[in-house]
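Structural characterization, general
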Amino acid sequence: MSGCNKLTESGRRFFLGRSALAVAGAAAASTVPQASARATPALARVAYPVSRLGNLRDLKVNEPMDISYPDADSTGVLIKLGTPVEGGVGPDGDVVAFSNLCPHKGYPMFYAADDRTLNCPGHYSRFDCEKGGLQVWGHATQNLAQFRLRVDAGGDIHAEGVDELLYGRHSNVL
Ligand code: FES
């Protein structure tokens, strides 16, 4: 009977030990700063160049400007959308830039001003410029590469990174 009591006691200690660990784990999880959950996702570990794309004065609402980044072989568009959007910069938070090479097979895409999408003439994939290049239709298997932007005090717009792999590249800088 005393052996049985020892087993019961060791089982009780094991249970209490595990319970304490679970409580401690839950407490630790609840003290994790919420800001980390909202942190900007890390970009690929690629050294991106900083490149001036244009100036805020050059942009008209919903009229894309042709650009290239991070080099001349990677074409894209710079757009002032007119309403604050994901990844938008400038005083209105509405200036964005995307690669215009379709992530499916690299066709150059065109901008549709009526619904603010980039559209592929190859197999008709579509990407929403107001939602960070979210794919909304078609064969592509990733969202559209968005260029990370910064605006300086003089209104110059600089590209400083890319959030997805550009079509046809093993890294975003060759
Ligand atoms: Fe754009 Fe195929 S190349 S959907």
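In what follows, the structure referred to is the one given above.
Notes on the structure in this doc start here. (Residues numbered from 1 in each chain as written. Predicted model: local features only at pLDDT ≥ 70, side-chain atom pairs only at ≥ 80, totals over all residues. Heavy atoms only, no water.)

Pairing in this open sheet of four strands is antiparallel, and the strands run β5-β6-β7-β8 from one edge to the other. Only two strands of the sheet have a single partner each, and these edge strands are β5 (110-112) and β8 (134-137). The average undirected angle you get between the axes of adjacent strands in this sheet is 35 degrees. (Pairing = 2+ DSSP bridges. Helix = DSSP H or I, 4+ residues; strand = E, 2+ residues; numbered from the N terminus. Axes fitted to C-alpha atoms, helices over the stretch in contact; angles between N-to-C directions.)

A separate point is the packing of aromatic side chains. With the rule as written, the count across this model stands at one aromatic pair. Ring geometry for Tyr 69 against Phe 147: centres 5.3 Å apart, planes inclined by 65 degrees, an arrangement best described as edge-to-face. On the criterion of sequence distance, the pair formed by Tyr 69 in the loop between β2 (65-68) and β3 (75-80) and Phe 147 in strand β9 (residues 146-151) is long-range, its members being 78 residues apart. (Phe/Tyr/Trp six-rings, centres within 6.5 Å; stacked < 30°, edge-to-face > 60°.)

Positionally, Asn 100 belongs in the loop between β4 (95-99) and β5. Looking at Asn 100, its side chain comes within polar contact range of the side chain of Thr 75, at 2.6 Å. (Polar contact = N/O pair within 3.5 Å; in protein donor to acceptor, adjacent residues only side chain to side chain.)

With that out of the way, let us pick up the nonpolar core. Ranked by internal contacts, the top residues of the largest apolar core, which has 16 residues, are Leu 53, Leu 78, Phe 147 and Leu 149. Looking at this core element by element, the count peaks at three residues for strand β10 (residues 156-162). The residues touching Leu 53, leaving out its near neighbours within four places in the chain, are Met 65, Ile 67, Ser 68, Tyr 69, Leu 78, Ala 97, Leu 149, Ile 157 and Ala 159. (Core = buried A, V, L, I, M, F, W, Y, C linked by side-chain atoms within 4.5 Å. Buried < 20%, exposed > 50% of the residue type's maximum accessible area, 1.4 Å probe, protein only. Contact = heavy atoms within 4.5 Å.)

Turning our eyes to something else, we now look at the pairing of β3. Buried residues dominate β3, accounting for five of its six residues. The pairing of β2 with β3 spans four bridges and is classified as antiparallel. Residue pairing in the sheet places Ser 68 in a bridge with Thr 75 of β3. Adjacent in sequence and paired antiparallel, β2 and β3 are bridged by six residues.

Spatial ordering of the open sheet is given by β1-β10-β9-β4-β3-β2, a layout of six strands whose pairing is antiparallel. What marks the edges here is a single partner per strand, and that holds for β1 (51-55) and β2. For this sheet, the mean angle separating the axes of adjacent strands, direction not counted, is 35 degrees. As paired strands, β9 and β10 are joined by five bridges and run antiparallel to one another. Residue pairing across strands places Arg 148 opposite Gly 161, the latter belonging to β10.

For the coordinates displayed, the defined rule picks out seven salt bridges. Where Asp 115 meets Arg 126, a salt bridge forms, and the shortest distance between an N and an O atom there is 2.3 Å. Taken together, the residues span a long stretch of sequence, with Asp 115 in the loop between β5 and β6 (117-119) and Arg 126 in strand β7 (residues 126-128) at a distance of eleven residues. For Asp 115, a relative accessible area of 30% puts it in the partly exposed group. Relative accessible area serves as the criterion here: at 26%, Arg 126 is assigned to the partly exposed category. With a shortest N-O distance of 3.9 Å, Arg 116 and Glu 130 are connected by a salt bridge. Residue Arg 116 is located in the loop between β5 and β6, and its partner Glu 130 is located in the loop between β7 and β8; the two are separated by 14 residues in the primary sequence. (Salt bridge = Lys/Arg side-chain N within 4 Å of Asp/Glu carboxyl O.)

Mapped onto the secondary structure, Lys 80 falls in strand β3. For Lys 80, a relative accessible area of 16% puts it in the buried group. A polar side-chain atom of Lys 80 sits 3.0 Å from a polar atom in the side chain of Asp 92. Within the structure, the side chain of Lys 80 is placed 2.9 Å from the side chain of Asp 94, a separation counted as a polar contact. Filtering out sequence-adjacent residues up to four positions away, Lys 80 remains in contact with Leu 59, Lys 60, Val 61, Asn 62, Asp 92, Asp 94 and Val 95.

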